[in-house]
Amino acid sequence: MPDGTTVMLEPSSKLSYPATFDKMVRREVFLSGEAFFDVINNPGQPFVVHAKTLTATVLGTSFTVSDRQQNKRSFVLVRTGKVSVLAQPESNQPMLTAADRPKAVVLTPNQ
């Protein structure tokens, strides 16, 4: 990737990202499927993975994100560092109040 982060995509998975992260506040990528990320540490530019059912935010770590439709189950598996994971409500759900919105969970290695 443009910042030196490496990604290993599983078969039939897709990743979209900009040609450069230079002017972005956050390094944002969009994943469909499953991938392992080894993110370059940059505290000034958190790395954010958007998938259909979750968003994972990190500064520098290695982790797997899986959001495969056929599994009907999404997960984040942390190898090193910490990852903040936030579930994304499905588009067919009614608008949630602030109290009902999901909270981010911080995961550490092997969680």
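Keep in mind that this is a model prediction, so the values were computed, not measured.

Rules used throughout
- Residues numbered from 1 in each chain as written.
- Predicted model: local features only at pLDDT ≥ 70, side-chain atom pairs only at ≥ 80, totals over all residues.
- Heavy atoms only, no water.
- Phe/Tyr/Trp six-rings, centres within 6.5 Å; stacked < 30°, edge-to-face > 60°.
- Helix = DSSP H or I, 4+ residues; strand = E, 2+ residues; numbered from the N terminus.
- Buried < 20%, exposed > 50% of the residue type's maximum accessible area, 1.4 Å probe, protein only.
- Pairing = 2+ DSSP bridges.
- Salt bridge = Lys/Arg side-chain N within 4 Å of Asp/Glu carboxyl O.

Caption draft 1: A look at the packing of aromatic side chains. By the definition in use, this model includes three aromatic pairs. Ring geometry for F37 against F63: centres 5.3 Å apart, planes inclined by 15 degrees, an arrangement best described as stacked. One end of the pair, F37, is in strand β3 (residues 27-38); the other, F63, is in strand β6 (residues 62-67), with 26 residues separating them in the sequence. Across this residue pair, the class does not change: F37 and F63 are buried. Put simply, the rings of F21, F37, F47 and F63 touch in pairs and so form one group of aromatic residues.

Caption draft 2: Quick look at the pairing of strand β4 (residues 47-50). Here β4 shows a buried face lined by F47 and V49 and a second buried face lined by V48 and H50. In terms of strand pairing, β3 meets β4 through four bridges, oriented parallel. Its bridge partner lying in β4, F30 is registered against H50. Of the strand pairs in this sheet, β4 and strand β5 (residues 54-58) are connected by four bridges, and their pairing is antiparallel. In the strand pairing of β5, H50 is matched with T55.

Caption draft 3: How the structure looks around unusual backbone geometry. Here the phi dihedral of S12 falls at roughly 70 degrees; this positive angle occurs in a residue that is not glycine. Mapped onto the elements, S12 comes out in the loop between β1 (6-9) and β2 (14-16).

Caption draft 4: Structural view of the pattern of salt bridges. Considering all chains together, one arrives at two salt bridges under this definition. A salt bridge links R27 to D3, with the shortest nitrogen-to-oxygen separation between them at 2.5 Å. Taken together, the residues span a long stretch of sequence, with R27 in strand β3 and D3 in the segment before β1 at a distance of 24 residues. For R27, a relative accessible area of 0% gives the class buried. A relative accessible area of 21% means that D3 is categorised as partly exposed. When the shortest N-O distance is used, the salt bridge between R26 and E28 registers 3.0 Å.

Read these as geometric descriptors, not functional statements.
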